[in-house]
Amino acid sequence: MAGILVAVFWAILVSFLAVALARLAQTLRATTKLVADVTEQAVPLLADASTAVRSAQTQIDRVDAIATDVQEVTSNASALSTTVASTFGGPLVKVAAFGYGVRRALGRKEEPAKPSRRTVVVGRTLPSARRGKRKKD
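Residues numbered from 1 in each chain as written. Predicted model: local features only at pLDDT ≥ 70, side-chain atom pairs only at ≥ 80, totals over all residues. Heavy atoms only, no water.

Where an unreviewed UniProt entry is consulted, the chain appears under the name DUF948 domain-containing protein, with the organism given as Streptomyces silvensis.

If you tally the helices and strands in the chain, you get 1 helix and 2 strands. Out of the 137 residues in the chain, the part that is buried amounts to 1%. Element-wise, carbon and sulfur atoms account for 66% of the exposed surface of the chain, whose accessible area totals about 13100 Å². (Helix = DSSP H or I, 4+ residues; strand = E, 2+ residues; numbered from the N terminus. Buried < 20%, exposed > 50% of the residue type's maximum accessible area, 1.4 Å probe, protein only. Areas by Shrake-Rupley, 256 points an atom, 1.4 Å probe, with all protein chains shown as cover.)

Right, let's talk about the confidence of the model for the chain for a bit. Residues at a pLDDT of 70 or more form 79% of the chain, whose mean pLDDT is 83. In the model of the chain, strand β1 (residues 119-121) stands out as the element of lowest mean pLDDT, 57, in contrast to helix α1 (residues 2-107), which has the highest, 90. (pLDDT = per-residue confidence, 0-100.)

A surface patch of nonpolar side chains, amounting to about 640 Å² of accessible area, comprises I4, L5, V8, F9, I12 and F16. Examined against the element boundaries, I12 turns out to sit in helix α1. (Patch = residues over 30% accessible without salt bridge, like charges linked within 9 Å, V, L, I, M, F, W, Y side chains within 5 Å. Salt bridge = Lys/Arg side-chain N within 4 Å of Asp/Glu carboxyl O.)

As a further point, take α1. Taking 1.5 Å of rise per residue, 106 residues should cover 158 Å, yet α1 covers just 137 Å from first to last C-alpha, more than 12% shy of that figure. Its axis deflected by about 35° at F88, α1 carries its strongest bend there, up to four residues before the proline P91. (Expected span 1.5 Å × (residues − 1). Bend = angle between axes of the 7 residues up to and from the residue.)

Okay, here's the thing in structure tokens:
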């Protein structure tokens, strides 16, 4: 009787192991198929990525050349600005100052300036220009 019992348990254990091994084999087949599909799709993607990286490198080289040209133009413009400022800046300031002096000299009146008087109105001081300078009819 013990032998039959051990044989039955042994048969149940072997059948469970057989089912587990069958499922493991099925999982391994599916994994192998998945890896093959990923490899099949990854190779073109890597080729596309390599092409994109090469294109990006070409564009970066172009941008670098443009940046170098812009830097050269900027330094030339700065030098030109400095040259123009030093050449024309001083004389223009002198001409403007001379013109201002001439206008001031021609604009002065012969009469001596009167001292300004102030009037206090309700606690406020008004300049002389605001009081008593009305047109007479």
